[in-house]
Amino acid sequence: MLVGSQQKLQDDIRALVERHGRTRDALLPILQDLQAAQSCVPDFAMQVVADELGLHPAEVYGVVSFYAFLDHRPRGRFVMRLCRTISCELARTAPVARQLENELGIAFGETTRDGRFTLEWAACLGLCDQGPALLVNDRVYTKVTPDRVHAIVEDCRKVFGAHAAQPSAPSAPVHPAAHPQPALAAAKG
Amino acid sequence: MTVIDSRKTPLTFDSIAPGVGLAAALKLSRSDLIATVAASNLRGRGGAGFPTATKWNLAAAAKVSEGECKFVVCNADEGEPGTFKDRVLLTEYAPLVFEGMTIAARAIGATRGILYLRGEYVYLRPPLDAELARLRRAGALGRNIGALAGFDFDIEIRMGAGAYVCGEETALIESLEGQRGEPRNRPPFPVDTGFRDQPTVVNNVETLATVTAIFANGPEAFRALGSERSAGFKLFSVSGDCDAPGVYEFPLGLTLRELLEKVGGTNAKAVQVGGASGVCVPAKAFDRRLAFEDVATGGSIIVFGPHRDMLAVAKNFMEFFREESCGQCTPCREGNHKLLEGILMLERGECSTAYLRELCLLGETMQLASKCGLGQSSPNAFLSIVEHFPEEVLGRSFAAAGGER
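Details of the overall build of chain A
Scanning chain A for helices and strands turns up 7 helices and 4 strands. Reading the helices (α) and strands (β) of chain A from amino to carboxyl end gives α-α-α-α-β-α-α-β-β-β-α. Out of the 189 residues in chain A, the part that is buried amounts to 53%. Sequence-distant contacts in chain A: of pairs separated by 6 or more residues, those separated by 24 or more amount to 65%. For chain A, the exposed area adds up to about 8300 Å²; of that, 53% sits on carbon and sulfur atoms.

Right, here's the structure in full:
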């Protein structure tokens, strides 16, 4: 990592600490905001957070590694989470899973080389009457069939293109809102 | 924004105007308030069924440390497979949930409320934040609520981060404190040593909304429904092989057969009640009642049609638990691995009856020796499927194992 970007990350983390507080119970919100802004919580960030909160870095790593929605490895701009729990499985998740792998060219647990997509299994998404259910960042797709997978992926690519075209202020603080997420749209089955 | 409407029956909550329950509650003294909840016989809607009034009484009596306060936590970490009623409540009836939290705060003397929302429901957060802002503007949150001098209470939302075990109340508190979501030893219980070691009431979303309904309609109306030991109405999240999956409201105490008739699943060969941690009820036991004294449930009902492979069902549940065990205690961390291994052997048709018996004994050990509800209940589905469907489980041919994943 370049010194300039390290400095920026350090400043961003200090801004987060100011916002959420310097106490241990602020740790998870700080890490969640970092995850949203950086698509991961890198090792360096864990050290800075630990310094700021007066914790051992191993404590921070322990928390990051515990929660499924936090990761120290970079995740894609779009995290696609397919529900693998029983009700969705009964509604035939398997062909949808297969087609997601085919469209993205990656297996579950992997990220595309362009850094756009991560494919993951999710534990129950709470959409058991609408399965198979897919969560893409904060967007919900219900009753997904294999033939709809291509359109879902294309939706994301369009959002990515639009987002990349927007100039972003280099000194903007780390905040989830800095990365606009597609609004919830429950696509019809 | 398109709202996913899962409601299949009208709900009692439809008839309750926002503000009515809270207004009725704030007219009562704090002890009368808890007495009203006690009179309703309300038991926790998350699944464990602990009497709500008892929990509140303990928290009301507990002492706060200097400079600290009591907390009301709404458990919106709805992670149990097959459960989605809380999503519906938070989407359609959020004011009633927040009112319930405010009533609980009044009862126990809390000044801070936290809604712990599971990470998978991140899309519910903006509307919930907007609702909280609206309540603050209306004076239903903040200082001197309801013109009661000194009744200060506000609610913040904290996000979970994808850990099923954080639905267990002490793990949830650990998570709020910025720790790994590993359950604590109990006692001490959260009602006296909870968030930041202060008295904390942790109630399920549905419990809190139901509290509001009880104050709006009176405890008698609530107790008139259901059975003696399981009072009131309850939401059921129905999914799987039935004509109309969705959220239903029924009085507690109805039989599984009655429920299946209403959801269009009468040809089912088994029903999983209570999600992955619940039990699998075979067709011959469909006269059992959904109530705390018979088959207790947080409301998850998964229907399995006649063509389903029950070992595949057990495998799905066990994969879930292997993933979601927090790894803190040995029976759960190792036991779920071993049970899944055993299921894979059964699937390949390579498991002797003697070994299957060993696996069942291991399951019973896990039920006894695990630290929290996760490990204590994770073998349930496997054990009940082995008990009720032994002919499906044993002696499978290798070819049969190659079905869909």
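Here the narrative resumes.
Here's the deal with the interface of chain B and chain A
In this complex, chain B contributes 55 residues to the contact, which on the side of chain A involves 41 residues. Summing both sides of the interface, chain B and chain A together bury roughly 3800 Å²; the carbon and sulfur share of this comes to 57%. The interface formed by chain B and chain A includes 3 salt bridges. Among the ionic pairs, A:Arg84 bridges to B:Glu323, the shortest N-O distance being 3.6 Å. Applying the counting rule to chain B against chain A returns 21 residue pairs in polar contact (both at pLDDT 80 or more). Counting only elements with at least two residues in the side of chain B that touches chain A, the list comes to strand 3 (154–159), helix 7 (169–176), strand 5 (233–240), strand 9 (300–304) and helix 11 (310–324) of chain B. In terms of residue count, the dominant contributor to the side of chain B that touches chain A is helix 11 of chain B (7 residues). A class-by-class count of the residues in the side of chain B that touches chain A yields 24 nonpolar, 16 polar and 15 charged.

Re the side chain of A:Ser87
As for its placement among the helices and strands, A:Ser87 is situated in helix 5 (residues 86–90). On the basis of relative accessible area, A:Ser87 is assigned to the buried category, the value being 5%. Not counting residues within four places of it along the chain, the set of residues in contact with A:Ser87 comprises A:Cys128, B:Gly82, B:Ser239 and B:Ile302.

Scoring rules and cut-offs
Residues numbered from 1 in each chain as written. Chains lettered and ligands numbered in written order. Predicted model: local features only at pLDDT ≥ 70, side-chain atom pairs only at ≥ 80, totals over all residues. Heavy atoms only, no water. Helix = DSSP H or I, 4+ residues; strand = E, 2+ residues; numbered from the N terminus. Buried < 20%, exposed > 50% of the residue type's maximum accessible area, 1.4 Å probe, protein only. Contact = heavy atoms within 4.5 Å. Areas by Shrake-Rupley, 256 points an atom, 1.4 Å probe, with all protein chains shown as cover. Buried area = accessible area lost by both parts, 1.4 Å probe. Salt bridge = Lys/Arg side-chain N within 4 Å of Asp/Glu carboxyl O. Polar contact = N/O pair within 3.5 Å; in protein donor to acceptor, adjacent residues only side chain to side chain. Nonpolar A, V, L, I, M, F, W, Y, C, P; charged D, E, K, R; others polar.

So, to be careful, I would describe these as geometric facts and stop short of saying anything about function.
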